[in-house]
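What the coordinates show
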Amino acid sequence: MMTNNHDNNSTTTGAVRPGSAISSQDSASDRSDFKPDGSDAAGASQGAGSPVHESAMDADNLIAVHSRMVTPLANRQITPGDIPTFDDTPERRALVRNRKKSHMRRKLQDWGLFTGYLTPSLLGVLVFFFLPLLMLLKTSFQKSPTNDDFVGLRNYERVLTNEAFVSASKNTLSFALISVPLAVILALLLALLLNSGLPGKSIFRSILLNPMMVPVASVVLIWQVFFSYNGVINGWTEKLFDAAKIDWLKSSYAQLVIMLLFIWKNLGYNMVLFLAALNSIPQEILESAEMDGAGAVKRFFSIKLYYLSPTIFFVGIMSLISSFKIFREVYLLTGDYPYDNLYMLQHFMNNAFTHLDYSKLSSGAIIMCIAMIIIVGILFFAESKFDSDVEE
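Source: prediction; values computed, not measured. (Residues numbered from 1 in each chain as written. Predicted model: local features only at pLDDT ≥ 70, side-chain atom pairs only at ≥ 80, totals over all residues. Heavy atoms only, no water.)

1. A word on the overall build of the protein chain
Regarding its fold elements, the protein chain presents 16 helices and two strands. Put simply, of all contacts in the protein chain between residues at least 6 apart along the chain, 69% involve residues at least 24 apart. Within the structure as shown, the protein chain displays about 25,700 Å² of accessible surface, and the carbon and sulfur contribution to it stands at 65%. (Helix = DSSP H or I, 4+ residues; strand = E, 2+ residues; numbered from the N terminus. Contact = heavy atoms within 4.5 Å. Areas by Shrake-Rupley, 256 points an atom, 1.4 Å probe, with all protein chains shown as cover.)

As structure tokens, then:
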């Protein structure tokens, strides 16, 4: 019977020692301070000198040390008397009042510092954005900038019934609907390819980023060399396929040529954004999914797409804005009045400006602003809806 108790004590000792943060020296020093009761003393006198007895003593000493390490109030309920109270004296009221004043003074200092840093930017936005927008809105309801007669919505009616504005709106919308998704999807595919451990990916990344460093005039010159009537593309097609020459920028393929220019110029920037987003995805999640048997397609749609959704939204917005800036390249390639499917909204605005028709110009600008707000609002709504569906 005694043997079984000693075995249990030795087992307990073996379980306590590995998890204890107390060294053997600490146990020895605590053992000298430990005062066993009578039964322990009797047991010590009976089994002194035996290894089993020493193991049992070590276990008891460790338990005693751990019990002394516990805070005395840990097993005690807090009563109302334990909560400190303060007398409502004039000195204490003055102290509280001074602390409140100091806190308010600190908040005012923080607010002043924040306002000081933000004021230049706010003034710039107010002076160069909101004020011109209000002046533009006022001009759109006038007969002319020099004539303050109120004409209501007549200027808007003139713009919306203008064939050039309708044609430019259709061309701009079709260009954005095709080129923006292509720019986003192709950049994402290239980022996934480069992120998969492709050899020489730094070289491909540099090649795709080169268009960002090329000036617009040089880009236009390159496109003229390739797509003019006597350009490189017509030379290749005539030599290889015996095809007739095409004036690419004055044919039905003109918008495709500009789309190719737009994608080539923006692909590198979008790809870098997607690469940064892919590198920020936690690798342990992808490794766990792969160990569970999820394939590459399943991992992309279930994990990567969730983490990439903010970047996709940002790249889409930036590409949409860039699609409205394509007028610069088109203007340098084709002039004021290009082929029909290249006549963009910016051409309409530029021609109205050269004719000094500021009322029509103001109305067209307000309509474009409202259209952009609606498009961006739809994109924001779609992005928030996607995020909520993924979280559910």
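2. Digging into the packing of helix α9 (residues 216–227) against helix α10 (residues 232–241)
It is at 4 Å that the axes of α9 and α10 come closest, and there the two elements cross at 25°. One finds that α9 runs roughly parallel with respect to α10. Across the interface between the two elements, V225, F226 and F227 from α9 touch V232, I233 and W236 from α10. (Axes fitted to C-alpha atoms, helices over the stretch in contact; angles between N-to-C directions. Parallel < 35°, antiparallel > 145°, perpendicular 65-115°, else oblique.)

3. Quick word on the packing of helix α14 (residues 327–334) against helix α15 (residues 345–354)
Remark: α14 packs on α15, axes separated minimally by 9 Å, with the N-to-C direction vectors making an angle of 70°. With respect to α15, the element α14 is oriented roughly perpendicular. Crossing geometry of α14 relative to α15 is assigned as right-handed. Every residue of α15 that contacts α14 at F327, V330 and Y331 is listed here: Q346, H347 and N350. Among the residues making up the contact of α14 with α15, the classes are represented as three nonpolar, three polar and no charged. (Left-handed = near helix turned anticlockwise from the far one by under 90°. Nonpolar A, V, L, I, M, F, W, Y, C, P; charged D, E, K, R; others polar.)

4. Here we look at a nonpolar patch on the surface
Where nonpolar side chains cluster on the molecular surface, the patch consists of L123, V125, L126, V127, F128, F129 and F130 and spans about 710 Å² of accessible area. Position of F128 among the secondary structure elements: in helix α5 (residues 90–139). Accessibility expressed as a relative area gives 69% for F128, which makes it exposed. (Patch = residues over 30% accessible without salt bridge, like charges linked within 9 Å, V, L, I, M, F, W, Y side chains within 5 Å. Salt bridge = Lys/Arg side-chain N within 4 Å of Asp/Glu carboxyl O. Buried < 20%, exposed > 50% of the residue type's maximum accessible area, 1.4 Å probe, protein only.)

5. Remarks on the environment of N350
Along the chain, N350 falls in helix α15. Accessibility expressed as a relative area gives 23% for N350, which makes it partly exposed. Here the alpha-carbon distance between N350 and L361, two residues eleven residues apart in the chain, equals 8.7 Å. What N350 contacts, discounting residues up to four positions off in sequence, is F327, Y331 and D336.

6. Describing α14
Taken together, the buried positions of α14 are occupied by F327, E329, V330 and L333. Buried residues of α14, seen end-on, are gathered within an arc of 165° and therefore sit on one face of the element. (Arc of directions from axis to C-beta.)

7. Some remarks on the packing of aromatic side chains
For the structure on display, the rule yields 15 aromatic pairs. Relative to Y331, the ring of F327 lies with its centre 5.3 Å away and its plane at 40°, an arrangement referred to as tilted. Residue F327 and its partner Y331 are both found in helix α14; the two are separated by four residues, about one turn of the helix. Since its relative accessible area comes to 33%, Y331 is described here as partly exposed. With a centroid separation of 6.1 Å and 75° between ring planes, the pair formed by F353 and Y358 is classed as edge-to-face. Owing to a relative accessible area of 46%, F353 belongs among the partly exposed residues under this scheme. (Phe/Tyr/Trp six-rings, centres within 6.5 Å; stacked < 30°, edge-to-face > 60°.)

8. Considering the nonpolar core
Among the nonpolar cores identified, the biggest contains 42 residues, and F175, I258, F274, L308 and L333 are the most heavily contacted of them. Every element with two or more residues in this core is listed here: α7 (163–195), α9, α11 (254–279), α12 (283–291), α13 (296–324) and α14. No other element matches α11, which puts 13 residues into this core. Not counting residues within four places of it along the chain, the set of residues in contact with L308 comprises L188, F274, A277, L278 and F300. (Core = buried A, V, L, I, M, F, W, Y, C linked by side-chain atoms within 4.5 Å.)

9. A few points about the side chain of S309
Note that S309 resides in helix α13. The class of S309 is buried, set by a relative accessible area of 7%. Within the local environment of S309, its side chain forms a polar contact with the backbone oxygen of Y306, the two atoms lying 2.9 Å apart. (Polar contact = N/O pair within 3.5 Å; in protein donor to acceptor, adjacent residues only side chain to side chain.)

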